[in-house]
Amino acid sequence: MTKSELPLPSGFPLSRGRRNRFRSGRRKMITENRLHPSNFIAPIFLMEGKNRREPIPSMPDQYRHTLDHAVRQAESMYNLGIQAVLLFVMVPEDRKDNKGTEALNENGLMQAAVSKIKAAVPELMIMTDVALDPYSSYGHDGIVRDGDILNDETVEVLARMAVSHARAGTDYVAPSDMMDGRIGMIRNALEGAGFHHTGILAYSAKYASGFYGPFRDALDSAPGFGDKKTYQMDPANVREAVREAQADEAEGADLVMIKPGLPYLDVVRAVRESVRVPVAVYNVSGEYAMIKAAAEKGWVDEETAMLESLIAFKRAGADLIATYWAEKAARLLHNADR
Ligand code: PBG
């Protein structure tokens, strides 16, 4: 049977989805979601020392930077249209303990980084990680007693840590610890100290994930015993994430975050529809490393997989995307044809 002899249903096919895909102008015109560098949050890893950077083996193209280096890195991010950096510090082993002493050091690396970067690039938003794990001799996000992670004692330290970051000039503190009640305590402490404009980016729904491995290499912060399941969430749960995000919003969070990203797009959508504050998502180290590794083998195309991951976050409803691809994606978006 030749084509013309096919018995076509009458009017077939009046509706053709391909019409809007015909030629790139049509596709651009009707695209539902767009990426923009101003929605990226760029993580920066800091280490002590001068004029050095160290590659992180499990995160190709990512480095630990000494402060002078990090300042230049922050400048170049800002020049690409990125509005925010998220700072993490690697703490020398001999300064770790079980109560976060170094975390409260007014002259610590984090505090110094905030004031130096702020001075160099005042318009760039600085977000600072608030959690004890990089400072903890146990590699946990809280104070440990008899094998348990103490909640209220930890929250007290986190609130003091947040105020010390605010004093250094951070724009947002970013508690990533998952202790109960910490957003309210931090908000209170900030208000009490007069830091009304210092925002809180709450890691509201942070899962006990297998995708943090490369990050723990980067900061040498893997838990020394057990796992983080008594505070980070069970990957099976979504209603619990909504509850956490709503609690954080009620306690005064300015931004709520879901983490990891790609395996939790349904959680991003659910949280987006149940809070009114902007929603961020963290495209974590393991998600980055998987694509990098596959790309190195020639099994996927890095740029295509990167952009597809990033647009998926937008489609799921995220306003902000914390991603190790921030710089690369921003460059690519600048060079993309208009
Ligand atoms: C810890 C923290 C982690 C990440 C950000 N903050 C790891 C963990 O909870 O063990 C992971 C980020 C990433 O994997 O990119 N407070």
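Structural notes, computed from the coordinates. (Residues numbered from 1 in each chain as written. Predicted model: local features only at pLDDT ≥ 70, side-chain atom pairs only at ≥ 80, totals over all residues. Heavy atoms only, no water.)

## Overview of the overall build of the protein chain
Step number 1: The helix and strand inventory of the protein chain stands at 11 helices and 12 strands.
Step number 2: Relative to the globule expectation of 20 Å for 338 residues, the C-alpha radius of gyration of the protein chain, 22 Å, shows essentially globular dimensions.
Step number 3: Each principal axis of the C-alpha atoms in the protein chain carries an extent, and together these give about 80 × 45 × 40 Å.
Step number 4: Going through the 338 residues of the protein chain one by one, you find that 51% of them count as buried.
Step number 5: The contacts in the protein chain between residues at least 6 apart in sequence include a share of 74% that link residues at least 24 apart. (Helix = DSSP H or I, 4+ residues; strand = E, 2+ residues; numbered from the N terminus. Rg over C-alpha atoms; globule rule 2.2 N^0.38 Å. Buried < 20%, exposed > 50% of the residue type's maximum accessible area, 1.4 Å probe, protein only. Contact = heavy atoms within 4.5 Å.)

## As for the packing of helix H4 (residues 152-168) against helix H5 (residues 182-192)
The packing of two helices is summarised by the inter-axis angle and the distance between the axes.
Step number 1: Two elements in contact, H4 and H5, have axes separated by 9 Å at closest approach and are oriented at 45°. Relative to H5, the element H4 is oriented oblique. Seen along the crossing, H4 lies across H5 with a hand that is right-handed. Packed against H4, whose contacting residues are Val155, Leu158, Ala159, Ala162, Val163 and Ala166, the element H5 presents Arg182, Met185, Ile186, Ala189 and Leu190 at the interface. (Axes fitted to C-alpha atoms, helices over the stretch in contact; angles between N-to-C directions. Parallel < 35°, antiparallel > 145°, perpendicular 65-115°, else oblique. Left-handed = near helix turned anticlockwise from the far one by under 90°.)

## Notes on the site of the ligand
Step number 1: Looking at the ligand, there are 17 residues lining it, with Arg216, Lys228, Lys259, Ser285 and Tyr324 nearest.
Step number 2: Separating an oxygen atom of the ligand from a side-chain N or O atom of lysine 206 is a distance of 2.8 Å.
Step number 3: One of the side-chain N or O atoms of arginine 216 is found 2.6 Å from an oxygen atom in the ligand.
Step number 4: Protein contact buries 100% of the 410 Å² of open area that the ligand shows by itself. (Near = heavy atom within 4 Å. Polar contact = N/O pair within 3.5 Å; in protein donor to acceptor, adjacent residues only side chain to side chain. Areas by Shrake-Rupley, 256 points an atom, 1.4 Å probe, with all protein chains shown as cover.)

## Brief notes about unusual backbone geometry
Step number 1: A cis geometry characterises the amide bond from lysine 259 onward to proline 260, with omega recorded as -5°.
Step number 2: Looking at the element boundaries, proline 260 is found in the loop between strand S10 (255-259) and helix H8 (265-272).
Step number 3: Non-glycine residue asparagine 51 carries a positive phi angle of around 45°.
Step number 4: Tracing the sequence through the fold places asparagine 51 in the loop between strand S1 (40-46) and strand S2 (53-55).
Step number 5: The residue aspartate 146 is not glycine, and still its phi comes out positive at about 50°.
Step number 6: The topology assignment puts aspartate 146 in the loop between strand S6 (143-145) and strand S7 (148-150).

## Considerations on the environment of glutamate 273
Step number 1: Within the secondary structure, glutamate 273 is located in the loop between H8 and strand S11 (279-283).
Step number 2: A relative accessible area of 56% means that glutamate 273 is categorised as exposed.
Step number 3: The spatial distance from the C-alpha of glutamate 273 to the C-alpha of valine 242 is 9.2 Å, given a sequence separation of 31 residues.

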